[in-house]
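# Descriptive analysis of the structure
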Amino acid sequence: MFLSSLKNGEKNSMKKKVAFHTLGCKLNFSETATIASQMEAADFEKVPFESKADVYVINTCSVTENADKRFKEIVKKTQKINEKAFVAAVGCYAQLKPEALAEVDGVDLVLGATEKFNLTAYLNDLTKQEVGRVHACEIEEADFYVGGYAIGERTRAFLKVQDGCDYKCTYCTIPLARGISRSDTLENVLKNAQEIASKGIKEIVLTGVNIGDYGKGEFGNKKHQHTFFDLVQSLEEVPGISRLRISSIEPNLLKNETIELVSKSDVFVPHFHIPLQSGSDKVLKKMKRRYLTSLYRDRIETIQNKMPHACIGVDVIVGFPGETEQDFLETYEFLNELAVSYLHVFTYSERDRTEAVNMSEVVPLAVRNKRSKMLRGLSVKLRRAFYESQIDTKRTVLFEGENKKGYIHGFTENYVKVKTPWDPVLVNTVAEVRLRDIDQDGLVRFDYVKNN
Ligand code: SF4
């Protein structure tokens, strides 16, 4: 290859430059990392998004509020930096609305779920297009699995273990964007985890769409060869990993044996993120969720009994069609009573091709926003109460990699956010601390017990 005879600097200057922008979840970040390594293997040089590139890849999300507006803003930004740059869109929104994305000024290529990991094959001709070329498919064809992981901030990695979902929640477009539930082989997950540990990364976050369904489709069929419990048990044995964090898991798939394992584990951290969506059984049934509040309460109480210091985060949707003031207050009271640690509050918004979009008893936007505000207020109160309950306890902190206005931040194993004056030596290190107090920004200050 002609490039081989040149010095590295000259070689790089000859390479085409590619930059990435990722919207949405940890899974999207892990997939951007996979696409990026494919591009580097094809002799592209990866550059930061703010700098001039020949190709910009935008990994889209269909859950983000105003996903289309966000997308247009990002495309505009690329054209401002380099109007000749070739712009490619991949990800969930690209699968759901390929034609609409292709119409956006500046977009040259839109790849659906089956083609996103084949991007390099479409980059031989980087000529700007009037209207973007679309290579999309019926989601049923996206039944294969591509594994990978992303390393964020040098401290933690998002390890993809599962993709797609077989559930039919009436408000959700993810199964339409990502296809059926399928999993990486256990062997490959363990290999990736080992690789991450060998890079000195201290924390691995398990990510997917419905990770509690891990094992389904591992070998291309609908059967469960392994279960989520098999996965966590095996990962616990991988040497060199300091922390393993379960990103988000459906309540009906969080088994007692998994809670038990985490409560005794030196690597799995006591932090659970468990979508609830509503505290009203009537609304849960309309959402076609696979549990009622009694099961949810049981999961939370089981965790709190086994690990009183565990952090429990909750996803909740407000303003779902048919949600009355009474239903909403039931949700508020249910969460307040359970004393969970923080909430991610989503304001219901209609999504094409979902069952809920055709439902009657639509909740006015102003009411949705009022309810969302109330739950965000509750989340602040719950997080404060959780942090206060941790004051004067001994914890371990993993320090992040960024200097934030002269401070370095970090998270304890049970997801308490701490801060201390910036010191580059601390980056990606773990320290034992005693939590002291909460500062005016709601972050926790500490005293060192022992520095590992
Ligand atoms: S479990 Fe429900 S909300 Fe979650 S991805 Fe599957 S269909 Fe969507």
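It should be emphasised that the depicted structure is a prediction, and the values quoted were computed from it without experimental measurement.

Definitions and limits used
Residues numbered from 1 in each chain as written. Predicted model: local features only at pLDDT ≥ 70, side-chain atom pairs only at ≥ 80, totals over all residues. Heavy atoms only, no water. Helix = DSSP H or I, 4+ residues; strand = E, 2+ residues; numbered from the N terminus. Rg over C-alpha atoms; globule rule 2.2 N^0.38 Å. Buried < 20%, exposed > 50% of the residue type's maximum accessible area, 1.4 Å probe, protein only. Contact = heavy atoms within 4.5 Å. Lys, Arg positive; Asp, Glu negative; His and termini not counted. Charge placed at Lys NZ, Arg CZ, Asp CG, Glu CD. Near = heavy atom within 4 Å. Nonpolar A, V, L, I, M, F, W, Y, C, P; charged D, E, K, R; others polar. Pairing = 2+ DSSP bridges. Axes fitted to C-alpha atoms, helices over the stretch in contact; angles between N-to-C directions. Patch = residues over 30% accessible without salt bridge, like charges linked within 9 Å, V, L, I, M, F, W, Y side chains within 5 Å. Areas by Shrake-Rupley, 256 points an atom, 1.4 Å probe, with all protein chains shown as cover. Salt bridge = Lys/Arg side-chain N within 4 Å of Asp/Glu carboxyl O. Parallel < 35°, antiparallel > 145°, perpendicular 65-115°, else oblique. Left-handed = near helix turned anticlockwise from the far one by under 90°. Phe/Tyr/Trp six-rings, centres within 6.5 Å; stacked < 30°, edge-to-face > 60°. Lys NZ or Arg CZ within 6 Å of the ring centre and 35° of its normal. Domains from an automatic or database assignment. Buried area = accessible area lost by both parts, 1.4 Å probe. Polar contact = N/O pair within 3.5 Å; in protein donor to acceptor, adjacent residues only side chain to side chain. Core = buried A, V, L, I, M, F, W, Y, C linked by side-chain atoms within 4.5 Å.

### Re the overall build of the protein
- Helices and strands together make up the secondary structure of the protein, namely 13 helices and 20 strands.
- For the protein, whose C-alpha radius of gyration is 23 Å, the value lies close to the compact-globule estimate of 22 Å for 452 residues.
- With the C-alpha coordinates aligned to their principal axes, the bounding extent of the protein is approximately 65 × 60 × 45 Å.
- Put simply, the protein has 452 residues, and 54% of those count as buried.
- Long-range contacts, defined here as pairs at least 24 residues apart, represent 71% of the contacts in the protein between residues at least 6 apart.
- The average position of the 64 basic charges and that of the 63 acidic charges among the side chains of the protein differ by 3 Å.

### Here we look at the site of the ligand
- Taken together, C165, Y167, C169, Y171, C172, I174, P175, V209, E250 and R289 make up the full set of residues near the ligand.
- Split into classes, the residues belonging to the shell around the ligand amount to 8 nonpolar, no polar and 2 charged.

### A word on the sheet that holds strand 11 (residues 203–207)
- One open sheet accounts for 4 strands, arranged 7-8-11-12; its pairing is mixed. Bordering the open sheet on either side are strand 7 (148–152) and strand 12 (243–246), each of which pairs with just one other strand. Averaged over all neighbouring strand pairs, the angle between strand axes comes to 25°, with direction disregarded.
- Where strand 7 and strand 8 (residues 156–160) come together, 5 bridges link them in antiparallel fashion. Looking across to strand 8, one finds that Y149 is bridged to L159.

### Thoughts on a negative patch on the surface
- Among the surface-exposed residues, E138, E140, E141 and D143 lie close enough to one another that they form a single negatively charged patch.
- If you trace the backbone, D143 turns up in the loop between strand 6 (133–135) and strand 7.
- Relative accessible area serves as the criterion here: at 45%, D143 is assigned to the partly exposed category.

### Some points on the packing of helix 11 (residues 293–306) against helix 12 (residues 325–338)
- Between helix 11 and helix 12, the least distance of the axes is 11 Å, while the angle of their chain directions is 15°. Classed by the angle they form, the pair helix 11 and helix 12 counts as roughly parallel. Classified by chirality, the crossing of helix 12 by helix 11 is right-handed. In this structure, helix 11 contributes T293, Y296, R297, I300 and Q304 to the contact, and helix 12 contributes F334, E337 and L338.

### Thoughts on unusual backbone geometry
- Even without glycine at this site, D43 takes up a positive phi of about 70°.
- Position of D43 among the secondary structure elements: in the loop between helix 2 (26–41) and strand 2 (44–46).
- If you check the backbone angles, E361 has positive phi at about 55° while not being a glycine.
- Considering the arrangement of structural elements, one finds E361 in the loop between strand 15 (342–347) and helix 13 (365–390).

### Here's the deal with the sheet that holds strand 13 (residues 271–273)
- Strand order across the open sheet formed by 3 strands is 13-14-15, with parallel pairing between neighbours. Where the open sheet ends on each side, the last strands, each with one partner, are strand 13 and strand 15. Strand-to-strand twist in this sheet, taken as the mean axis angle between neighbours without regard to direction, amounts to 15°.

### A look at the packing of aromatic side chains
- Here the structure, examined in full by the defined rule, presents 10 aromatic pairs.
- Between F446 and Y448 the ring centres are 5.2 Å apart and the planes differ by 80°, which places this aromatic pair in the edge-to-face class.
- The exposure class assigned to F446 is buried, which follows from its relative accessible area of 7%.
- One aromatic cluster in this structure is built from Y171, F320 and Y348.
- Directly above the ring of Y407 sits K419, whose terminal nitrogen or CZ lies 4.1 Å from the centroid.

### Some details on the domain arrangement of the protein
- Entries for the protein in the domain assignment read domain 1 (2–137), domain 2 (143–269), domain 3 (305–390) and domain 4 (394–448).
- Using C-alpha coordinates to define each centre, domain 3 is positioned 28 Å away from domain 4.
- With 8 residues of domain 3 in contact, the opposing surface of domain 4 contributes 9 residues.
- When the two sides are added together, the surface that domain 3 and domain 4 hide from each other amounts to roughly 810 Å², 61% of it contributed by carbon and sulfur.
- The tally of links between domain 3 and domain 4 comes to 0 salt bridges.
- At the surface where domain 3 touches domain 4, the tally comes to 4 residue pairs in polar contact (both at pLDDT 80 or more).
- Along the lines of polarity and charge, the residues of the side of domain 3 that touches domain 4 split into 4 nonpolar, 2 polar and 2 charged.

### Section: the nonpolar core
- Grouped together as the largest cluster of nonpolar side chains are 55 residues, with contacts concentrated most on L206 and L375.
- The two domains that each donate at least three residues to this core are domain 2 (143–269) and domain 3 (305–390).
- Residues in contact with L375, not counting those within four places in the same chain, are V316, V318, F328, Y332, L335, L343 and V345.
- Formed by 22 residues, the second largest nonpolar core is a distinct cluster that contains A19, V47, A67 and V87.

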